[in-house]
Amino acid sequence: MKDETRNRAKELAQSAAAAHPSLSGTVEAFADHLLSLTGEDASIEDIRAQDLYVAWCCSQGCSAALESFWTTCVPTARRAAFSVTKNEDLAEDVVQDVLQRLIVGTGDKPGTLASYQGRSKLDRWLRSVTVRAAISASRKSSQKAGTEDEEVLLQVPAVDDDPELALLKESSGEMVETALRDSLRELDSETRLVLQQHLIDGLTIDQLASIYRIHRATAARRIAKAREALLSATRQ
């Protein structure tokens, strides 16, 4: 079985190299890399060898591989970053930070692109990495601009949709606002970000589902849970 796997690794390595003739990685070394990612719980047949070859050549410093990666994958990362941050400057900062960590590394740590194992398409993997980085950057940005966003979130449509709360808001506006403000601060950062993206940035449930790679029903439940958390605070 080991010989069969080694032979298969060589076949996949040769096929990947043939698909990307401009890249400078050696077949033998890449075959060894394929084998290093294969184990009892990881079949070599599940590896996207051609995508992995590009990433592996990038980690070896191949300029042609880096150009291919930049052309085919980075545009997807930019779209993903903007879909989360809704801010071109912040999105570009996120992408540049991700690329630096993946390709160049930070401090004395090498680039982490080598951590890609070919279990999904390379552009989708980069998209996932970028979305996580964009969410983190948005949280930090939201904390800085938290007061402004809080003022907008205080105008949650669900409050005015509830007749009882609408009446309470008219008669005890300051009390309701204080309760909402306290409730906003108690929301965890992810729930607050989802609510902000939905109410302030105008992202639809389908868009949120796409960003977080979840079913639209799950996205809808997150929004409903966040809105209910705000409303329940004013009913106490």
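The rules behind each value
Residues numbered from 1 in each chain as written. Predicted model: local features only at pLDDT ≥ 70, side-chain atom pairs only at ≥ 80, totals over all residues. Heavy atoms only, no water. pLDDT = per-residue confidence, 0-100. Helix = DSSP H or I, 4+ residues; strand = E, 2+ residues; numbered from the N terminus. Contact = heavy atoms within 4.5 Å. Expected span 1.5 Å × (residues − 1). Buried < 20%, exposed > 50% of the residue type's maximum accessible area, 1.4 Å probe, protein only. Arc of directions from axis to C-beta.

### A look at the confidence of the model for the chain
Okay, so step 1: Mean pLDDT over the chain stands at 78; residues scoring 70 or higher make up 70%.
Okay, so step 2: Here helix 9 (residues 157-161) stands out as the least confident element of the chain, with mean pLDDT 44; helix 3 (residues 49-59) is the most confident, with 94.
Okay, so step 3: In this model residues 151-162 is a low-confidence stretch, pLDDT under 50, and it forms 27 contacts with partners more than four residues away in sequence or in other chains.

### Let's talk about helix 1 (residues 2-19)
Okay, so step 1: The terminal C-alpha atoms of helix 1 lie 26 Å apart, and with 18 residues this matches the ideal 26 Å at 1.5 Å per residue to within 8%.
Okay, so step 2: Looking only at helix 1, the buried set comprises Ala-9, Leu-12, Ala-13, Ala-16 and Ala-17. Buried residues of helix 1, viewed axially, fall in a sector of 130 degrees; they line one side. Of the residues in helix 1, the exposed ones pointing more than 90 degrees away from the buried face are Asp-3, Glu-4 and Ala-18.
Okay, so step 3: Buried residues in helix 1 make contact with helix 2 (27-36) and helix 3.

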